[in-house]
Amino acid sequence: PAGGQRQTETAIFAGGCFWCVESDFDHVPGVLETISGYTGGSLDNPTYEQVSAGGTGHREAVRIVYDPAKVSYDRLLTAFFHSVDPTDPGGQFCDRGESYQTAIFVVDAEQRGKALASKATAAKELGATIATKIEDAGQFYPAEEYHQDYYKKNPLKYRFYRWNCDRDARVRDVWGERAYAGIPEK
């Protein structure tokens, strides 16, 4: 495009451990950047320790910058739902509590409409109540540097955590063949 400006859009998802959400979405064609962070709460500039202790209202979340010419918001929503257990209101996998609850943080009315439709589709596919909340996006606080690209910086610890937390096995239990295919096996 003229001037070298590429049109990008933003999606924000909370799907339990942000290391895992970041890893999953880094593998989606059209995703340009993922940033782990905290959002949804009232505490300014929260730390990992504060958020994981609970009571801040924040969730671990990932801000995804993507090229809408290469991947649609609808496709990102489908990938999100199929990479978590959206029926679990208490957190995700081995991570429990409000900071690990699933949520979609929408930036405008168009995203809200698409998120509501995607949530309804997930409920129909699973024949279950979907616990994932849809909320207006607010202030997003990037997490500490050591959390960014954790799966690349600490591949052995990350793979052990993901396996030990039973994330991929549970997603396959919930979704079967519809489990998000982009989840790396190793």
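Details of the structure are given in the entry above.
Source: prediction; values computed, not measured. (Residues numbered from 1 in each chain as written. Predicted model: local features only at pLDDT ≥ 70, side-chain atom pairs only at ≥ 80, totals over all residues. Heavy atoms only, no water.)

Draft legend 1. View of the sheet that holds strand β8 (residues 140-142). Taken together, the 6 strands give an open sheet; going across it, the order is β7-β6-β1-β3-β2-β8, and neighbouring strands pair in mixed fashion. Here the strands that pair on one side only, and so sit at the sheet edges, are β7 (133-136) and β8. Each strand axis lies, on average, 35° off the axis of its neighbour in the sheet, ignoring direction. With 3 bridges joining them, strand β2 (residues 31-39) and β8 adopt antiparallel strand pairing. The residue bridging Y38 from the neighbouring strand is Y141, located in β8. Packed on one face of the sheet, helix α1 (residues 18-26) meets β1 (9-14), β2 and β3 (59-66) and runs near 165° to β2. (Pairing = 2+ DSSP bridges. Helix = DSSP H or I, 4+ residues; strand = E, 2+ residues; numbered from the N terminus. Axes fitted to C-alpha atoms, helices over the stretch in contact; angles between N-to-C directions. Contact = heavy atoms within 4.5 Å.)

Draft legend 2. Here's a closer look at the state of the cysteines. Here the structure, examined in full by the defined rule, presents 1 disulfide. The thiol sulfur of C20 is not disulfide-bonded, and the nearest other cysteine sulfur, from C17, lies at 4.1 Å. For C20, a relative accessible area of 0% translates into the label buried. (Disulfide = S-S within 2.5 Å. Buried < 20%, exposed > 50% of the residue type's maximum accessible area, 1.4 Å probe, protein only.)

Draft legend 3. Region of interest: unusual backbone geometry. One non-glycine residue, N45, lies in positive phi territory at about 50°. Among the secondary structure elements, N45 is positioned in the loop between β2 and α2 (48-53). What makes N45 exposed here is its relative accessible area of 60%. The phi torsion at F93 lies on the positive side, around 55°, for a residue other than glycine. By the element assignment, F93 lies in the loop between β4 (91-92) and β5 (95-96). Here F93 falls in the buried class, since its relative accessible area comes to 13%.

Draft legend 4. Region of the structure containing the pattern of salt bridges. One pass over the structure, following the stated rule, counts 8 salt bridges. A salt bridge links R170 to D85; its shortest N-O distance comes to 3.1 Å. Of the two residues, R170 is situated in helix α7 (residues 167-175) and D85 in the loop between α3 (73-81) and β4; the sequence distance between them amounts to 85 residues. The class of R170 is partly exposed, set by a relative accessible area of 33%. For D85, a relative accessible area of 4% translates into the label buried. A salt bridge links K114 to E110; its shortest N-O distance comes to 3.3 Å. With K114 and E110 both in helix α4 (residues 109-126) and 4 residues apart, the pair spans about one turn of that helix. (Salt bridge = Lys/Arg side-chain N within 4 Å of Asp/Glu carboxyl O.)

Draft legend 5. The nonpolar core, seen in detail. F13, F25, I64, Y66, Y73, L76 and I104 are the most contacted members of the largest nonpolar core, which has 42 residues in total. Here this core takes 6 residues from α3, the largest share from any one element. I12, A14, A61 and F105 belong to the second-largest nonpolar core, a separate cluster that totals 7 residues. (Core = buried A, V, L, I, M, F, W, Y, C linked by side-chain atoms within 4.5 Å.)

Draft legend 6. Structural context of the packing of aromatic side chains. By the definition in use, this model includes 10 aromatic pairs. With a centroid separation of 5.9 Å and 55° between ring planes, the pair formed by Y151 and Y158 is classed as tilted. Y158 carries the same exposure label as Y151, and that label is buried. Taken together through their ring pairs, the aromatic side chains of F13, F25, Y73, F80 and F81 make up a single cluster. (Phe/Tyr/Trp six-rings, centres within 6.5 Å; stacked < 30°, edge-to-face > 60°.)

Draft legend 7. The arrangement of the pairing of β7 in detail. Relative to β7, strand β6 (residues 103-106) runs parallel, the two sharing 4 bridges. Residue pairing in the sheet places I104 in a bridge with I134 of β7. Running through α4, the crossover from β6 to the neighbouring parallel element β7 is right-handed. (Right-handed = clockwise from strand over helix to strand, strands pointing away.)

Interpretation note: all reported values are geometric properties and have no functional meaning in isolation.
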